[in-house]
Amino acid sequence: ADLTVLGTAVSGGSIASLVLMALLAGGLALLLALFMGTDLGLAMRAAGNNPQMARAVAIDVDRMIVIGLALSNGLIALSGALFAQYSGYSNIQMGIGALVTGLANLMVGEALLGKRPIGRWIGGAVIGAVVFRLLVAGAVRAGLNPSALKLVTALFVLGVLVLPQLARKVGAGRLPKGAGSHG
């Protein structure tokens, strides 16, 4: 049973895969947010934010770094395995550009949901990934050459980094109404 989504025929199997991945990503995001609220999660966050203060309150910073690396690398391995399973193959070229794409995902999510509290930050990363992929799919559908996609992605990340700072500078340069007039 094929469905038509935004003018594109999508198979029922693809919809089922999408729903399964959405449930998995949402569940993992929820579990990660809950974990970050535990004593161990708070200790990891403290060790990452201010290692000197964390040491002062008897947190083993080196252990927290190892736990954080193990957790993040485990999630990366899971995502790589799921992607290879979905694609049916893997090669060394699949990860090229992943850092830029990941940054774009985080920036879009942070712009949409903010970064405080931790649950919104994690949810923002997941939602940012979906929104960013929809933007990329829309660009390809609009006729963008797929070989130029990485350049456009990099320019998008640059724009997301630079535009808020430019907006702050322009906003800081303006005076409130009536501030320059003497009554």
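The structure contained in this document is the topic of the report that follows. Just so we're clear, the structure is a prediction, and the values are computed from it rather than from any experiment. Along each chain, the written sequence defines residue order, and numbers are assigned to residues from 1. The predicted origin of the model limits local features to residues at a pLDDT of at least 70 and limits the giving and counting of side-chain atom pairs to 80 or more, whereas totals for whole chains, interfaces and linings rest on all residues. Only hydrogens and water are set aside when side-chain values are computed; all heavy atoms of the structure are taken into account.

1. Examining the overall build of the protein
Phase 1: Looking only at helices and strands, the protein has seven helices and two strands in total.
Phase 2: The order of α-helices and β-strands along the protein, N terminus first, is β-β-α-α-α-α-α-α-α.
Phase 3: Exposed residues in this analysis have more than 50% of their type's maximum accessible area, buried residues have under 20%, and partly exposed residues fall in between, with area computed by a 1.4 Å probe over protein chains only. For the protein, the proportion of its 183 residues judged to be buried stands at 15%.
Phase 4: In the protein, 44% of the contacts between residues at least 6 apart in sequence involve partners at least 24 apart. Helix numbers and strand numbers start at the N terminus; a helix is a DSSP run of H or I with at least 4 residues, a strand a run of E with at least 2. Residues are treated as being in contact if the distance between any of their heavy atoms lies within 4.5 Å.

2. Remarks on the environment of Ala 129
Phase 1: Topologically, Ala 129 is positioned in helix 6 (residues 118-141).
Phase 2: Separated by 23 residues in the primary sequence, Ala 129 and Leu 106 place their C-alpha atoms 7.3 Å from one another.

3. Concerning the pattern of salt bridges
Phase 1: Throughout this description, the term salt bridge denotes a Lys or Arg side-chain nitrogen within 4 Å of a carboxyl oxygen of Asp or Glu. Counted according to the given criterion, the structure contains one salt bridge.
Phase 2: The partner of Arg 63 in a salt bridge is Asp 60, with the nearest N and O atoms 4.0 Å apart.
Phase 3: Accessibility expressed as a relative area gives 40% for Asp 60, which makes it partly exposed.

4. Overview of the packing of helix 2 (residues 39-49) against helix 4 (residues 61-87)
Phase 1: Angles shown run from 0 to 180 degrees and are taken between the N-to-C directions of axes, each axis being a line fitted to C-alpha atoms and, for helices, limited to the stretch in contact. Running from N to C, helix 2 and helix 4 point in directions that differ by 105 degrees, and their axes come no closer than 9 Å. On the basis of their axis angle, the class for helix 2 and helix 4 is roughly perpendicular. Mapping the contact onto sequence places Leu 40, Ala 43, Met 44 and Ala 47 in helix 2 and Val 61, Met 64, Ile 67 and Gly 68 in helix 4.
Phase 2: All amino acids are sorted into three groups, where Ala, Val, Leu, Ile, Met, Phe, Trp, Tyr, Cys and Pro are nonpolar, Asp, Glu, Lys and Arg are charged, and the leftover types, Gly among them, are polar. Its residues assigned to classes, the contact of helix 2 with helix 4 comprises seven nonpolar, one polar and no charged. Throughout, the term roughly parallel applies to angles under 35 degrees, roughly antiparallel to angles over 145, roughly perpendicular to angles from 65 to 115, and oblique to all others.

5. What to know about helix 4
Phase 1: Given the number of residues in a helix, its expected span is that number minus one, multiplied by 1.5 Å. Here helix 4 spans 39 Å end to end across 27 residues, near enough to the 39 Å set by a 1.5 Å rise per residue.
Phase 2: Downstream of helix 4 by a residue or two, Gly 88 has a phi angle that is positive, lying close to 90 degrees.

6. Considerations on the nonpolar core
Phase 1: Listed in full, the 12 residues of the largest apolar core are Ala 29, Ala 33, Met 36, Ala 43, Met 44, Ala 47, Ala 54, Ile 59, Val 61, Met 64, Ile 118 and Ile 122.
Phase 2: Elements with a minimum of two residues in this core: helix 1 (12-36), helix 2, helix 4 and helix 6.
Phase 3: Excluding anything up to four places from it in sequence, Ala 47 contacts Ala 54, Val 61 and Met 64.
Phase 4: What makes a nonpolar core is a set of buried Ala, Val, Leu, Ile, Met, Phe, Trp, Tyr and Cys residues whose side-chain atoms join them at distances within 4.5 Å. Core analysis: the second largest hydrophobic core is formed by six residues, Ala 104, Met 107, Val 136 and Val 157 among them.

7. A short note on helix 5 (residues 98-113)
Phase 1: The terminal C-alpha atoms of helix 5 lie 22 Å apart, and with 16 residues this matches the ideal 22 Å at 1.5 Å per residue to within 8%.
Phase 2: Within helix 5, the full set of buried residues consists of Thr 101, Ala 104, Asn 105, Met 107, Val 108 and Gly 109.

8. A closer look at unusual backbone geometry
For residues besides glycine, phi is generally negative; the peptide bonds are generally trans as well.
Phase 1: The residue Ala 58 is not glycine, and still its phi comes out positive at about 70 degrees.
Phase 2: Examined against the element boundaries, Ala 58 turns out to sit in the loop between helix 3 (51-56) and helix 4.

9. Some remarks on a nonpolar patch on the surface
Phase 1: On the surface, a nonpolar cluster with roughly 830 Å² of combined accessible area is contributed by Leu 20, Met 21, Leu 24, Leu 28, Leu 30, Leu 31, Leu 34, Leu 71, Leu 75 and Leu 78.
Phase 2: Elements with a minimum of two residues in the nonpolar patch: helix 1 and helix 4.
Phase 3: Inspection of the secondary structure assignment puts Met 21 in helix 1.
Phase 4: The class of Met 21 is partly exposed, set by a relative accessible area of 35%. Think of a patch as exposed residues, more than 30% relative accessible area, with no salt bridge, where like charges cluster within 9 Å and nonpolar side chains (Val, Leu, Ile, Met, Phe, Trp, Tyr) cluster within 5 Å. Areas reported as accessible are Shrake-Rupley estimates using a 1.4 Å probe. Residue values count occlusion only from the protein chains shown.

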